[in-house]
Amino acid sequence: MATAAPRARRVHPRTAVLPAHGRRHNLSLVLQTLYSAGAMSRADLARRLDLTKVTVGDLVAELLQSGHAVELGPSDEVRPGKPATLVDVNRTGLQIIGVDLAEHQTLRAAVLDLDGRILARAERPMPDDPGTKAVHSIKKGTVLEVVLDLTREVIGLATAPLLGIGVGTPGIVGPGGVVDTAPNLGWVDVPLREVLAAETRLPVFVSNDADAAVHADHTLGGGGDDLMLIKVGRGVGCGLIVGGQRVRGAHFAAGEIGHVTVGTDGGARCRCGKDGCLETWLSAPNLERLLAEAGPAARRVSGSASPSLPSSRPSTWPRSSSPVRRTCSAASCSTRWTPL
């Protein structure tokens, strides 16, 4: 039994479309409409997009020739005259590569179909010293070398033509897929998109991991048009959707909450060089450190209710003067915030 296509939404572009970009824009509209609404006839597509049937027929013909769309046969809808032929995005005949660099111990990559289903996956352990300075050259043992090796492996697992590669990475990602800074990876001005594209000969899109996550939740996960997603991994990041548009900020750092200072009393020194960054308290490695300091009871996992943490907090947790207050009980453990 075939799985129904996801009813995705699309984030509207901020910039105006120039007349010279008209055809490319219309091709994009056809693909996005088919992807979000599912298979439909050319006539229905023309009505939905408010374009002429001749224009839509020409656009669909180009997409069929390029392999981005397919015909599914006659429609079951009863109408006068000849049954209309349904067209749809080529959901099973095209694949994409996704690369996730956000986890603190593992780098992951996967082959996915156009509906986001994982078809194959691979992973590599994070290098012991990800903060190497040799990131502009592909040297053995660096994060960049491991990412390239991982990407090559999953490309070999693909069973259909690949549309491209999408990368979610910690840090601030500027125009052109350049990672301006990613302290947790030791990266500064790393042209990640350029390096991957040169190595794989495929289109590459690089995004901040939290931005990628909130975009996915908005388009495929049922998230609203005003949405905040907080992602905790090797670092702490936040993705924002406001009014149906992804917010990146003037310097592409909107949502970069991980290096906001929340307290300087006992937290580990952050990789960015500051003391008291939010990541020094709430990132996955530091949460593991806090649990280790809390004792064996906090680390034990059982099939019943979660064990309670000791009533006396570790000396490295923020004091009451910190804006972070941690509340734990036998059933739950949450983090509450007071205004700065």
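Because the structure is a prediction, the values reported are computed rather than measured.

*Asks:* A description of empty space enclosed by the protein should follow, citing residues and the corresponding values.
*Replies:* This structure, assessed with the given rule, holds two cavities of 30 Å³ or more. The calculated volume of the largest cavity comes to roughly 160 Å³. Looking at the largest cavity, it is lined by 20 residues, and the ones nearest its centre are Pro170, Gly171, Asp209, Val236 and Glu279. The set of elements that each furnish at least two residues to the lining of the largest cavity consists of helix H6 (209-219), strand S12 (227-232) and strand S13 (236-242). Here the lining of the largest cavity takes three residues from S13, the largest share from any one element. The class makeup of the residues in the lining of the largest cavity is eight nonpolar, seven polar and five charged. Computed from the structure, the second largest cavity encloses a volume of approximately 30 Å³. In terms of lining residues, the second largest cavity is bounded by Val173, Ser207, Asn208, Asp211, Arg246, Arg248 and Phe252. Across the lining of the second largest cavity, the residue classes tally to two nonpolar, two polar and three charged.

*Asks:* Can you lay out the pairing of strand S9 (residues 179-182) for me, pointing to particular residues and giving the numbers?
*Replies:* Pairing between strand S8 (residues 172-173) and S9: two bridges, direction antiparallel. Bridging from a neighbouring strand, isoleucine 172 pairs with threonine 181 of S9. Counted between consecutive antiparallel strands, the loop separating S8 from S9 contains five residues, among which glycine 176 sits at a positive phi close to 80°. From the end of S9 to the start of strand S10 (residues 187-190), which pair antiparallel, there are four residues, and glycine 186 there has a positive phi angle of about 70°.

*Asks:* Which residues make up the sheet that holds S10, and what values do they have?
*Replies:* Taken together, three strands build an open sheet; the order of strands is S8-S9-S10 and the sheet is antiparallel. Strands with a single pairing partner mark the edges of an open sheet, and in this sheet they are S8 and S10.

*Asks:* Give a description of the nonpolar core that names residues and reports values.
*Replies:* Across soluble globular proteins, nonpolar side chains show a tendency to be buried alongside one another. With 32 residues, the main nonpolar core has Leu101, Leu107, Val167, Trp187 and Leu192 as its most contacted residues. Residue contributions to this core peak at seven residues, all from helix H4 (residues 143-157). When sequence neighbours within four positions are dropped, the list of residues in contact with leucine 101 reads Leu107, Val147, Val167, Gly168, Thr169, Pro170, Trp187 and Leu192. Listed in part, the 18 residues of the second largest apolar core include Leu34, Val56, Leu63 and Val89.

*Asks:* Explain the sheet that holds S13 to me, using residue names and the numbers behind them.
*Replies:* The three strands are arranged S12-S13-S14 in an open sheet whose pairing can be described as antiparallel. The open sheet has two edge strands, S12 and strand S14 (245-246), and neither has a second partner. Bridge count between S12 and S13: six bridges; the pairing is antiparallel. Within the sheet, the bridge partner assigned to valine 232 lies in S13 and is valine 236. Each of S12, S13 and S14 touches H6; the most contacted strand, S12, lies at about 135° to it.

*Asks:* Let's hear about helix H2 (residues 42-49): which residues, and what values?
*Replies:* Helical periodicity: at 3.6 residues per turn, an α-helix aligns residues three or four positions apart in one direction. Residues of H2 that are buried include every one of Leu45, Ala46 and Leu49, and no others. Projected down its long axis, H2 carries its buried residues within an arc of 100°, all on one side. Turned more than 90 degrees away from the buried face of H2, the exposed residues are Arg47 and Arg48. Looking at the buried side of H2, the elements it contacts are helix H1 (22-37), strand S1 (40-41) and helix H3 (53-66). Note on H2: the residue one or two positions beyond its end, aspartate 50, has a positive phi of about 60°.

*Asks:* Report on a nonpolar patch on the surface, specifying residues and quantitative values.
*Replies:* On the surface, a cluster of nonpolar side chains totalling about 300 Å² of accessible area is made up of Met228, Ile230 and Val232. Within the element layout of this structure, methionine 228 appears in strand S12. With relative accessibility at 55%, the residue methionine 228 sits in the exposed group.

*Asks:* I'd like a rundown of the pairing of strand S11 (residues 204-208), residues and numbers included.
*Replies:* Of all five residues in S11, four are buried, a share of seventy percent or more. Pairing of strand S7 (residues 162-169) with S11 involves five bridges; the strand directions are parallel. Looking at S11, one finds that glycine 166 is bridged to phenylalanine 205.

*Asks:* Lay out the pattern of salt bridges in plain terms, naming residues and giving numbers.
*Replies:* Counted according to the given criterion, the structure contains 14 salt bridges. Note that arginine 42 and glutamate 71 form a salt bridge whose closest N and O atoms lie 2.7 Å from each other. One end of the pair, arginine 42, is in helix H2; the other, glutamate 71, is in strand S2 (residues 69-74), with 29 residues separating them in the sequence. With a closest N to O distance of 2.6 Å, arginine 152 and glutamate 199 form a salt bridge. Linking arginine 152 in helix H4 with glutamate 199 in helix H5 (residues 192-200), this pair joins segments that are 47 residues apart in sequence. Since its relative accessible area comes to 38%, arginine 152 is described here as partly exposed. Glutamate 199 sits in the partly exposed class, given a relative accessible area of 35%. Within the structure, one salt-bridge network assembled from shared partners comprises Asp88, Arg91, Asp113, Asp115 and Arg117.

About the criteria used
Residue numbers here run from 1 along each chain, matching the order of that chain's written sequence. Owing to the predicted nature of the model, reporting of local features is limited to residues with pLDDT of at least 70; listing and counting of side-chain atom pairs is limited to 80 or more, with chain, interface and lining totals taken over all residues. For the side-chain quantities, the full set of heavy atoms in the structure was used; hydrogens and water were omitted. Site definitions follow a grid-based scheme: protein atoms alone, a 1 Å grid, a 1.4 Å probe that fits but cannot get out for cavities, and for pockets an open set with protein on both sides within 12 Å along at least five of seven lines, plus lining residues having an atom within 4 Å of a point. Grid points are joined across faces, edges and corners, and a volume is the space filled by probe spheres set on the points. Under the DSSP-based scheme used, a helix requires at least four consecutive residues in state H or I and a strand at least two consecutive residues in state E, with every element numbered from the N terminus. Three residue categories are used. Nonpolar comprises Ala, Val, Leu, Ile, Met, Phe, Trp, Tyr, Cys and Pro, charged comprises Asp, Glu, Lys and Arg, and polar comprises the others, including Gly. Here, strands pair whenever DSSP counts at least two bridges between them. Take the buried Ala, Val, Leu, Ile, Met, Phe, Trp, Tyr and Cys residues and link them wherever side-chain atoms come within 4.5 Å; each set so joined is a nonpolar core. When a residue's accessible area, from a 1.4 Å probe over protein chains only, is under 20% of the maximum for its type it is buried; when over 50% it is exposed; and in between it is partly exposed. Residue contacts follow a heavy-atom distance rule, with two residues in contact if any of their heavy atoms lie within 4.5 Å. Here an angle of 0 to 180 degrees is reported between the N-to-C directions of two axes, which are lines fitted to C-alpha atoms, with helices fitted over the stretch in contact. Here, the arc refers to the directions that run from the helix axis to the C-beta atoms. Patches were defined on residues exceeding 30% relative accessible area and lacking a salt bridge, with like-charge contacts within 9 Å and nonpolar side-chain contacts (Val, Leu, Ile, Met, Phe, Trp, Tyr) within 5 Å. Note on areas: Shrake-Rupley, 1.4 Å probe, and residue coverage restricted to the protein chains presented here. Every case where a carboxyl oxygen of Asp or Glu lies within 4 Å of a side-chain nitrogen of Lys or Arg is listed as a salt bridge.

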